[in-house]
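What the coordinates show
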Amino acid sequence: MTLPLANLPRHVAIIMDGNGRWAKKRLLPRYAGHTAGTETVRKVVQFCTEIGIECLTLFAFSSENWRRPEREVGMLMDLFLNALQREANRLHKNNVQLRIIGERSAFPQKLQDKIQQVEELTASNTGLKLRVAANYGGRWDLVQAFQKLALQAQAGLLNPQNMTANSLAEHLALNDLPEPDLFIRTGGERRISNFLLWQLAYTELYFTEVLWPDFDRENFQLALQDFASRQRRFGRTGDQVEQNKTC
Ligand code: IPE
Ligand code: IPE
Ligand code: MG
């Protein structure tokens, strides 16, 4: 299969769903699915680095995932810590800049320390900007941005009447990246599940039945090809977009 070199998205955001069902199909415990899913993360990061995707944001744990059985949550925390320990050097060697977005204060201290350490290690890397959303929720992101603006207004540093969409966007978790061009959700569900609510306003959405542990290069390329075939209009007419291309 050939790679679509033109129209490559700058920023891809993925909901990595289907680990549990992948395990269930094999009569394995759910954690086996999550473990297999971390392998997919490694391969997808590698692939994005190879083809020159600039930014990749992965949804690893939502603010609602605390509702899962305590054992599964604990296991996910352990897996996250292990993956950071195992992958830190490889990410650094591959010039990947890793940051975690989400409310990290709820994590075990050991995990918080490791996150900080890996972020510092990779901070000045200039390759793939990798963002992992953990204890992240789109609503949480908006609320914490509103809070910052409200505090500025209260301190007399911001006139609420001068507030724009940009003032808010500056305080959101992905404020240093372009908005996602392509959103992928694996596992067959067609919903956003409180992922990037603000940032997905004009993102192209792609849903696949493939379960996350089975998601491979070929599946990723299908998503990229589908993206490359879309016309992004941002409110304009199709004719306007075509004209802009030729002049
Ligand atoms: C996604 O896979 C991983 C997390 C939410 C942590 P799931 O665990 O949601 O897998 P399914 O949806 O049950 O198959
Ligand atoms: C979304 O998946 C969150 C992550 C992949 C981390 P869920 O499996 O938690 O979503 P719902 O509950 O099916 O909407
Ligand atoms: Mg799920």
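It should be noted that the structure appears before, not after, this text.
Residues numbered from 1 in each chain as written. Chains lettered and ligands numbered in written order. Predicted model: local features only at pLDDT ≥ 70, side-chain atom pairs only at ≥ 80, totals over all residues. Heavy atoms only, no water.

Here we look at unusual backbone geometry
- Positive phi, close to 55 degrees, is recorded for Leu27, a residue that is not glycine.
- As for its placement among the helices and strands, Leu27 is situated in the loop between helix H1 (19-25) and helix H2 (30-51).
- For Leu27, a relative accessible area of 79% translates into the label exposed. (Helix = DSSP H or I, 4+ residues; strand = E, 2+ residues; numbered from the N terminus. Buried < 20%, exposed > 50% of the residue type's maximum accessible area, 1.4 Å probe, protein only.)

A closer look at the site of ligand 2
- With respect to spatial proximity, the complete set of residues near ligand 2 consists of Ile15, Met16, Asp17, Phe59, Ala60, Phe61, Ser62, Asn65, Arg68, Arg185, Arg191 and Ser193.
- Measuring from an oxygen atom of ligand 2, one finds a side-chain N or O atom of Arg185 at 3.3 Å.
- The leading source of residues in the shell around ligand 2 is strand S2 (residues 55-62), at 4 residues.
- When the residues that make up the shell around ligand 2 are grouped by side-chain class, the tally is 5 nonpolar, 3 polar and 4 charged. (Near = heavy atom within 4 Å. Polar contact = N/O pair within 3.5 Å; in protein donor to acceptor, adjacent residues only side chain to side chain. Nonpolar A, V, L, I, M, F, W, Y, C, P; charged D, E, K, R; others polar.)

Considerations on the sheet that holds strand S1 (residues 11-15)
- The strand order S3-S4-S2-S1-S5-S6 describes an open sheet built from 6 strands, whose pairing is parallel. In the strand order of this sheet, the two ends are held by strand S3 (97-101) and strand S6 (204-207), each with one partner. Ignoring strand direction, the axes of neighbouring strands in this sheet form an average angle of 20 degrees.
- Strand direction decides the pairing type here: S1 and strand S5 (residues 182-185), joined by 4 bridges, are parallel. When the bridges of S5 are listed, Ala13 appears paired with Phe183. (Pairing = 2+ DSSP bridges. Axes fitted to C-alpha atoms, helices over the stretch in contact; angles between N-to-C directions.)

A closer look at the pattern of salt bridges
- The final tally for this structure, using the stated rule, is 22 salt bridges.
- The residue Arg90 makes a salt bridge to Glu87 at a minimum N-O spacing of 2.8 Å. Placement of the pair is Arg90 and Glu87 together in helix H3 (residues 70-93), with a separation of 3 residues, close to one helical turn.
- Residue Arg90 is classed as partly exposed on the basis of its relative accessible area, which comes to 37%. (Salt bridge = Lys/Arg side-chain N within 4 Å of Asp/Glu carboxyl O.)

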